[in-house]
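Structural overview
Each chain is listed here by its residues.
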Amino acid sequence: MGFVAEYLLCLLLAVSSSWVQSEVDVLDKPVTELCLTCICEAISGCNATRICTNPEKGACGIFRITWAYWVDAGKLTLDGEHPDAERAFINCANDPHCAANVVQNYMKKFNQDCNEDGEMDCHDYARIHKLGAYGCQADMPYNYQISFEECIKNYEGYQGIE
Ligand SMILES: *[C@@H]1O[C@H](CO)[C@@H](O)[C@H](O)[C@H]1NC(C)=O
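Residues numbered from 1 in each chain as written. Predicted model: local features only at pLDDT ≥ 70, side-chain atom pairs only at ≥ 80, totals over all residues. Heavy atoms only, no water.

1. A word on the environment of Ile 152
This is how the line gets drawn: By definition, any uninterrupted DSSP run of H or I lasting at least four residues is a helix, any uninterrupted run of E lasting at least two residues is a strand, and each is numbered from the N terminus. Only protein chains enter the accessibility calculation, which uses a 1.4 Å probe; a residue whose area is less than 20% of its type maximum is buried, one above 50% is exposed, and one in between is partly exposed.
Note that Ile 152 resides in helix H7 (residues 142-155). Take Ile 152: its relative accessible area is 9%, and that puts it in the buried class. Separated by 30 residues in sequence, Ile 152 and Cys 122 place their C-alpha atoms 8.9 Å apart.

2. With respect to the site of the ligand
The condition is simple: By convention in this text, a residue qualifies as near a molecule or strand provided that one of its non-hydrogen atoms is within 4 Å of it. Contacts described as polar in this section are N or O atom pairs within 3.5 Å, which, within protein, must combine one atom able to donate a hydrogen with one able to accept it, while residues neighboring in sequence count only if both atoms come from side chains. Methods summary: accessible areas were calculated by the Shrake-Rupley approach with a probe of 1.4 Å, and residue burial reflects only the protein chains presented.
Around the ligand sit Asn 47, Thr 49 and Ile 51, and those are all the residues in its vicinity. For the ligand, an oxygen atom lies 2.3 Å from a polar atom in the side chain of Asn 47. A distance of 3.5 Å is found between an oxygen atom of the ligand and a side-chain nitrogen or oxygen belonging to Thr 49. Relative to its unbound accessible area of 360 Å², the ligand is 27% covered by the protein chains.

3. Structural notes on the packing of helix H2 (residues 33-44) against helix H6 (residues 122-131)
Axis angle and axis distance: for two packed helices, these are the angle between their axes and the distance between the axes, and together they describe the pair. What counts here: What counts as an axis is a line fitted to C-alpha atoms, over the stretch in contact for a helix, and the angles between N-to-C directions run from 0 to 180 degrees. Under this scheme an angle from 65 to 115 degrees is roughly perpendicular, one under 35 degrees roughly parallel, and one over 145 degrees roughly antiparallel; angles in between are oblique. By the definition used in this description, the sense in which the near helix is turned from the far one sets the handedness, with an anticlockwise turn below a right angle giving left-handed and a clockwise turn giving right-handed. We call two residues in contact whenever any of their non-hydrogen atoms come within 4.5 Å of each other. Basically, the charged four are Asp, Glu, Lys and Arg, the nonpolar ten are Ala, Val, Leu, Ile, Met, Phe, Trp, Tyr, Cys and Pro, and anything else, Gly included, counts as polar.
Where H2 contacts H6, the two axes come as close as 10 Å, and the packing angle between them is 40°. In terms of their interaxial angle, H2 and H6 are classed as oblique. Along this stretch, H2 crosses H6, giving a crossing that reads as right-handed. Mapping the contact onto sequence places Cys 35, Ile 39 and Ile 43 in H2 and Cys 122, Tyr 125, Ala 126, His 129 and Lys 130 in H6. Among the residues making up the contact of H2 with H6, the classes are represented as six nonpolar, one polar and one charged.

4. Remarks on the packing of aromatic side chains
Here is the rule we go by: For Phe, Tyr and Trp, where Trp contributes only its six-membered ring, two rings pair if their centres lie within 6.5 Å, and the inter-plane angle classes them as stacked under 30 degrees, edge-to-face over 60, or tilted in between. Lysine and arginine charges are scored as sitting over a ring when NZ or CZ, respectively, is within 6 Å of the ring centre and within 35 degrees of the ring normal.
For the structure shown, the criterion picks out four aromatic pairs. Aromatic side chains Trp 70 and Phe 89 sit 5.6 Å apart centroid to centroid with 55° between the ring planes, which places their arrangement in the tilted category. Placement of Trp 70 in helix H3 (residues 67-72) and of Phe 89 in helix H4 (residues 88-93) is noted, with a sequence separation of 19 residues between them. One aromatic cluster in this structure is built from Tyr 69, Tyr 106, Phe 110 and Tyr 134. Sitting over the face of the ring of Tyr 144, Lys 130 holds its NZ or CZ atom 5.4 Å from the ring centroid.

5. Here's the deal with the environment of Asn 94
The residue Asn 94 is located in the loop between H4 and helix H5 (96-110) in this model. Counting along the chain gives 29 residues from Asn 94 to Ile 65, while the straight-line C-alpha distance between them is 8.6 Å. With residues up to four places along the chain from it excluded, the contact list for Asn 94 reads Thr 49, Arg 50, Ile 51, Cys 52, Cys 60 and Gly 61.

6. Quick notes on the nonpolar core
Applied cut-off: To qualify as a nonpolar core, a set must consist of buried Ala, Val, Leu, Ile, Met, Phe, Trp, Tyr and Cys residues joined through side-chain atoms within 4.5 Å.
Formed by 39 residues in total, the largest nonpolar core has its most connected members in Ile 39, Phe 63, Ile 65, Tyr 106, Met 107 and Phe 148. Those elements that place two or more of their residues in this core are H2, H3, H4, H5, H6 and H7. Excluding its chain neighbours within four sequence positions, the residues that come into contact with Ile 65 are Gly 58, Ala 59, Cys 60, Trp 70, Phe 89, Ala 93, Ala 99, Val 102 and Val 103.

7. As for the side chain of Asp 95
Here is the rule we go by: We score Asp and Glu as negative and Lys and Arg as positive, and we do not count His or the chain ends. The term salt bridge refers to a pairing of a side-chain nitrogen on Lys or Arg with a carboxyl oxygen on Asp or Glu at a separation within 4 Å.
By the secondary structure assignment, Asp 95 is in the loop between H4 and H5. Put simply, Asp 95 is tucked away with no salt bridge, and the nearest opposite charge, on Arg 50, sits 5.5 Å away. Within the structure, the side chain of Asp 95 is placed 2.8 Å from the backbone nitrogen of Cys 98, a separation counted as a polar contact.

8. Quick notes on H7
Here is the rule we go by: One less than the number of residues in a helix, times 1.5 Å, gives the span that helix is expected to have. The directions from the helix axis to the C-beta atoms form the arc being described.
Its 14 residues give H7 an end-to-end C-alpha distance of 20 Å, which sits within 8% of 20 Å, the value for a rise of 1.5 Å per residue. Within H7 the residues assigned to the buried category are Tyr 144, Phe 148, Cys 151 and Ile 152. Buried residues of H7, seen end-on, are gathered within an arc of 100° and therefore sit on one face of the element. Opposite its buried face, H7 presents the exposed residues Tyr 142, Asn 143, Lys 153 and Asn 154, each directed more than 90 degrees away.

Rendered as C-alpha cells:
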C-alpha cells in the first residue's frame, strides 16, 4: 500500500472511531468529568457541604442546582425516592453523583452553541449551567467566568475537557 493510501486509511479509522465515541458521548452523557469539575469549581468551589444558598429557588449542592433546573432536567431522585417527595429535590441536588446526572440531563435537553464559535463544548455548558437555557449568550458573572477559565487552563492538554 502506498504512503498516501495508508495515510488515508489511518485518517479514516481515526475519524470514524472518534465519531462513534462522540456519538456515544452525546447520546449518553454530553458533559465530560473534567468539564463537570470546572463547572462545580466555578460555581461553588466544589464545596460538597450539603447546603442550599438560595432558600426560595434552591441553588443546592456542588452545582448549586435550582429547583426549576432540576424539574427541567427530569426530576432525578436519589435511591428511588419518589420525585414528588418533599425532600426529593434537595436530596438529589446535595448528592454529587445525582447532581452530576441532573447536569447531564439538562445539557442533553438544552445543548446549544451559546458563544457561536461553531462548537458545542464545555464553554457552552458552563454558560448554559450558569445563565440558563434561554439566556446563555449573555455575559457570565465575572467571578464565575474567571474561576471557570482558570480551571480549564489548568486542565489544558488533558484529553476530554471539551
Ligand atoms: C464549604 O461551605 C461551608 C458552608 O458554606 C463552609 O462553612 C465551609 O467553610 C466551606 N468549605 C470550604 C473548604 O471552603
